[in-house]
Amino acid sequence: MNLNAILAIYRFELGRTWRTLFQSLATPVITTSLYFIVFGSAIGGRMAEVDGIPYGAFIIPGLLLLTILSESIGNASFGIYLPRFTGTIYEVLSAPVSATEAVIGYVGAAATKSLILATIILVTATFFVDYSILHPFWAAGFLLLVTLSFCLFGFILGVWADGFERLQIVPLMIVTPLTFLGGTFYSIDMLPEPWRTATLFNPIVYLVNGMRWAFYGTADVAPGVSLAATLAFMAICLFIINWIFRTGYRLRT
Amino acid sequence: MDSVISIKGLRKTYDAGTEALKGVDLDIRRGEIFGLLGENGAGKTTLIGIVCGLIRATAGTVTVDGHDNVTAYRAARARIGLVPQELAVDMFGHVRHTVEFSRGLFGKGRDPARIEEVLRSLSLWDKRDAKIGDLSGGMKRRVLIAKALAHDPDILFLDEPTAGVDVSLRRDMWALIGKLRDEGKTIILTTHYIEEAEEMADRIGVITRGELILVDEKRAMMEKLGQTRLSVGLKAPLAALPPALDGLPLTLSDDGLTIVHQAGGEGESAEVAEILKRMIAADIDIATVDSSRSSLEDIFVDLVGGKRS
Ligand SMILES: Nc1ncnc2c1ncn2[C@@H]1O[C@H](COP(=O)(O)OP(=O)(O)OP(=O)(O)O)[C@@H](O)[C@H]1O
Ligand SMILES: [Mg+2]
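Since the structure is predicted, the reported quantities are computational estimates derived from the model, not experimental observations.

Trainee: I'd like a description of the UniProt feature "transmembrane region" (unreviewed entry) in chain A, backed by residues and values.
Mentor: Residues and elements named next belong to chain A. The positions UniProt marks with the feature "transmembrane region" (unreviewed entry) are residues 20-43, 55-82, 102-125, 137-161, 167-188 and 225-245. Annotated as 96% helix and 0% strand, the span residues 20-43 places its first and last C-alpha atoms 33 Å apart. Within residues 137-161, the helical portion is 96% and the strand portion 0%, while the C-alpha atoms at the span's ends are 36 Å from each other.

Structure below.
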C-alpha cells in the first residue's frame, strides 16, 4: 500500500478546497439557509405537521441530502476532471499508485469535504428550527454511506466527462430534480396515485427516507430497504470504477 | 553491457487506427544519456508514455531493472522520473507544494532538506513559494524537472526538455543533464534540436514512423555516416579534371569553377592534403578552399529522407 501517495492526493485535494474556501463552504450554507427561510419559516409556519413532525424539522434530512449529493458529485468529479483537463494527471498515472489508492485519495478528500459541510449545515439548521436526532449513529453511518457512494459516482462522472458542460449536466439535470421530487419537501403519502407509485422508482426517495428515519424514526419506506438501495448504488459505482481502471477508460490510451 | 531498460517488440496502435510504434526493440544502458531523435509524430512520446505507464502497449514488453512495467508496475515506476513534453502544471499550486506532492505520490516520506536541494539545483529556491501560474515557461519546465527528481529516480525521461527554452537556458539545461548523469542517473531524452543530441547524448536512436531505424554510439554514427566535403574554388574555369588528379574521387562543377571532394567518415584529412598538393603541383590556381564535416543533422535528414523515398 502506497500510503504516502494516498496522503499526497488527499492533502492536495483538501488544499484545493482551502484555496477556494468561500465557494466550497459558504455557497452551500447560504443556499441551505435560504431553503430554511423560505420553506421552513415562511411556508412551514402555515403548514400542519407532517407525520407528526413540525414541517421545519421535517425538511432537514432532505435538505441535508440535497446539498450533500450535489456537493459530493461536484467535488469528486471536479477533483479528477481538473487534472485530466490540465494534463497533470500524467503524474498520478506514472506513479507507483494503484487504482484503489488513487480512488481512496480523491474520493476520501471529496467525502471529507462533504462531511464537514454536512456538519455545518446541521449546525446552521439549529438557528432556524428546533430538532433533535433520534438515531444519531444511524444518521452518521447513513450519511457516510451516502456521501461515499455519491463521491464515487462523482469520480465516475469526472472520468467520463469530456467537457465542463458534461460535468454540470448530471447534477443539474438529474440529481437535483430527483432530489426535489424525492420527498425532500413532502411525504410521498401526500401524493395522489399514480404519482405515489411513480415516485418509488426515484432512487433518491430511499435516501431521503432512510435519513428521515434516522432523524425522527418515521419514514415512507422501511429503513432496511433504504440501506439496501444505498449499498446497491455503491456497489454499482465500485464496479464501474473497477472497470474504468481495468480498461484504462479515458485515463490511459 | 548492463541494461537498465529493456524494450522488446513494442507495438502501439491507437484506437483511431494510427500505428504509432511498429515493433520497437531497445536496450538502455545504465548511466548513459540516450538521445531519441525523430520527426514530429515519429512515436517518441508514445514510446516514453508506454515505458512510464501512461499508455498501454498493444504488444511487447518493457522491463525496468528487471521489473515488468505492467505486472510489477510499482517497482518499475518507482525508479523512473518523467518530464513530459507538454507543460502540464497545476496553475494555482505553489512550487514547493507541488514538488512535495510528487515525492509523496512516488511513495517517499517527507524530506524538506531533499526538496530544498532539488529546488536549489534548479535555481527555483527563490521561487519556492510562488504560484506556478505566475512563473515563466522556462521556470515551469524546471518545476516539472524538479517534480520528476523529487523522488530520487535512477532513470529520468525528458521529452523535449528544451522546447521553447532560450539559448542560454538551454545551455544551463545541458549542464544540468550532464550533472545528473555524473550523479549516476540514466537519462533518456527526445529532441528536435539535433545539435542537442550531438552535444549531450552518448548514444542515439533514430525513430521514424514508428520504427527505430538506427541505434548507435554517437561517435560511431558520425564516423560511419558522416561525410567530409572539400570544395575548392578555382580562379579560372577548367574544361575537365586534369590528369594529375586521376584516381581521386573528385567531381568538377558544371561551370568548371569548383572541384568537390566528398568522402565518408574519419581519417580523410590525409586524402585532402594529397588533393591540394597535387593541385598545386599541377599549377591549378586556387581561389578558395572550403571544407566541412557533416553534422548529425545532415545524417539525420539523410536517414529519414532515405526512409521516406
Ligand atoms: N492519444 C492519441 N490518440 C491517437 N493517436 C495518437 C495519440 N497520441 C499520438 N498519436 C499519434 O501517434 C503518432 C506518434 O505520436 P507521438 O506523440 O508519439 O510522436 P512524437 O514523436 O512524440 O512527435 P513530436 O515530436 O511531435 O512530439 C502520431 O501519428 C500521432 O498522431
Ligand atoms: Mg512528442
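Trainee: Would you mind going over helix α2 (residues 21-43) of chain A in detail, with residue names and values included?
Mentor: Residue and element names in this part refer to chain A. Taking 1.5 Å per residue, 23 residues should reach 33 Å; α2 reaches 32 Å between its end C-alpha atoms and fits that length. Of all the bends found along α2, the most pronounced is centred on Phe36 and spans about 25°. Every buried residue of α2 is listed here: Ser24, Leu25, Ala26, Pro28, Val29, Thr32, Ser33, Tyr35, Phe36 and Gly40. The inward-facing, buried residues of α2 abut α1 (3-19), α3 (55-58), α4 (60-86), α6 (99-126) and α8 (164-180).

Trainee: How would you sum up the UniProt feature "domain: ABC transmembrane type-2" (unreviewed entry) in chain A? Please name residues and give values.
Mentor: Per the UniProt record, "domain: ABC transmembrane type-2" (unreviewed entry) is found at residues 19-248 of chain A. From the first C-alpha to the last, residues 19-248 of chain A spans 31 Å; its make-up is 76% helix and 0% strand.

Trainee: Any chance you could break down the coordination of the magnesium ion (ligand 2) for me, citing the residues and the numbers?
Mentor: All names here are of chain B. The protein atoms that coordinate the magnesium ion (ligand 2) are Thr45 (OG1) and Gln85 (OE1), at distances spanning 1.8 to 2.2 Å. Of this pair, Thr45 sits in helix α1 (residues 44-52) while Gln85 sits in the loop between β6 (80-83) and α3 (95-105), and the two are 40 residues apart along the sequence. Thr45 sits in the partly exposed class, given a relative accessible area of 35%. Residue Gln85 is classed as partly exposed on the basis of its relative accessible area of 28%.

Trainee: Give me the pairing of strand β1 (residues 3-13) of chain B: which residues, what numbers.
Mentor: Residue and element names in this part refer to chain B. Sheet topology places β1 next to strand β2 (residues 19-29); eight bridges connect them, and they run antiparallel. Considered in β2, the bridge of Ser3 is made with Arg29. Sheet analysis places β1 next to strand β4 (residues 59-64), joined by five bridges and oriented antiparallel. Directly across from Ser6, in β4, lies its bridge partner Thr63.

Trainee: Provide a residue-level description of the packing of α4(A) against helix α10 (residues 203-216) of chain A, including the pertinent values.
Mentor: Residue and element names in this part refer to chain A. For the pair α4 and α10, interaxial distance at closest approach is 8 Å and the crossing angle is 130°. When the axes of α4 and α10 are compared, the pair comes out oblique. Pair α4 / α10 crosses with right-handed handedness. On α10, the residues that touch Ile60, Pro61, Gly62, Leu64, Leu65 and Leu69 of α4 are Ile204, Leu207, Val208, Met211, Arg212, Phe215 and Tyr216. The class makeup of the residues in the contact of α4 with α10 is eleven nonpolar, one polar and one charged.

Trainee: Which residues make up the packing of helix α7 (residues 136-160) of chain A against α10(A), and what are the values?
Mentor: Residue and element names in this part refer to chain A. Where α7 contacts α10, the two axes come as close as 8 Å, and the packing angle between them is 155°. Here α7 lies roughly antiparallel to α10, going by the angle between them. Handedness of the α7/α10 crossing: left-handed. Of the residues in α10, those in contact with Trp138, Ala139, Phe142, Leu143, Val146 and Phe150 of α7 are Ile204, Tyr206, Leu207, Gly210, Met211, Trp213, Ala214 and Phe215. Residue composition of the contact of α7 with α10, by class: 13 nonpolar, one polar and no charged.

Trainee: Which residues make up the interface of chain B and chain A, and what are the values?
Mentor: Contacts between the two partners involve 29 residues from chain B and, on the opposite side, 27 residues from chain A. Around 2,400 Å² of area is buried between chain B and chain A when both sides are counted, 56% of it from carbon and sulfur atoms. Across the contact surface, chain B and chain A share two salt bridges. The closest approach of N and O atoms between Glu91(A) and Lys147(B), which form a salt bridge, is 2.9 Å. The interface formed by chain B and chain A holds 14 residue pairs in polar contact (both at pLDDT 80 or more) in total. For the side of chain B that touches chain A, the secondary structure elements donating two or more residues are α2 (73-78), α3 and α5 (137-149) of chain B. Considered class by class, the residues forming the side of chain B that touches chain A number 15 nonpolar, six polar and eight charged.

Trainee: So what about the environment of Thr20(A)? Which residues, and what values?
Mentor: Residue and element names in this part refer to chain A. Within the secondary structure, Thr20 is located in the loop between α1 and α2. Since its relative accessible area comes to 30%, Thr20 is described here as partly exposed. Between the C-alpha atoms of Thr20 and Thr112, which are 92 residues apart in sequence, the distance is 15 Å.

Trainee: Talk me through the site of ligand 1; I want residue IDs and the actual numbers.
Mentor: Among the 15 residues in the neighbourhood of ligand 1, the closest are listed as Asn40(B), Gly41(B), Lys44(B), Thr45(B) and Thr46(B). Proximal residues around ligand 1 fall on chains A and B, making this an inter-chain site. Within the side chain of Tyr14(B), an N or O atom sits 3.3 Å from a nitrogen atom of ligand 1. One of the backbone N or O atoms of Gly43(B) is found 2.9 Å from an oxygen atom in ligand 1.

Trainee: Describe the packing of aromatic side chains, listing the residues and the values that go with them.
Mentor: Residue and element names in this part refer to chain A. Here the structure, examined in full by the defined rule, presents 19 aromatic pairs over all chains. Here Tyr35 and Phe180 contribute two aromatic rings whose centre-to-centre distance is 6.1 Å and whose plane-to-plane angle is 55°, an arrangement assigned as tilted. Here Phe180 lies in helix α8 and Tyr35 lies in helix α2, a separation of 145 residues in the sequence. Centroid distance Tyr131 to Phe215: 6.3 Å. Interplanar angle 20°. Geometry classified as stacked. Linking Tyr131 in the loop between α6 and α7 with Phe215 in helix α10, this pair joins segments that are 84 residues apart in sequence.

Conventions and cut-offs
Residues numbered from 1 in each chain as written. Chains lettered and ligands numbered in written order. Predicted model: local features only at pLDDT ≥ 70, side-chain atom pairs only at ≥ 80, totals over all residues. Heavy atoms only, no water. UniProt positions renumbered as here; feature names shortened; annotations may be inferred. Helix = DSSP H or I, 4+ residues; strand = E, 2+ residues; numbered from the N terminus. Expected span 1.5 Å × (residues − 1). Bend = angle between axes of the 7 residues up to and from the residue. Buried < 20%, exposed > 50% of the residue type's maximum accessible area, 1.4 Å probe, protein only. Contact = heavy atoms within 4.5 Å. Donors = N, O, S within 2.8 Å, 3.2 Å for Na, K, Ca; no water. Pairing = 2+ DSSP bridges. Axes fitted to C-alpha atoms, helices over the stretch in contact; angles between N-to-C directions. Parallel < 35°, antiparallel > 145°, perpendicular 65-115°, else oblique. Left-handed = near helix turned anticlockwise from the far one by under 90°. Nonpolar A, V, L, I, M, F, W, Y, C, P; charged D, E, K, R; others polar. Buried area = accessible area lost by both parts, 1.4 Å probe. Salt bridge = Lys/Arg side-chain N within 4 Å of Asp/Glu carboxyl O. Polar contact = N/O pair within 3.5 Å; in protein donor to acceptor, adjacent residues only side chain to side chain. Near = heavy atom within 4 Å. Phe/Tyr/Trp six-rings, centres within 6.5 Å; stacked < 30°, edge-to-face > 60°.

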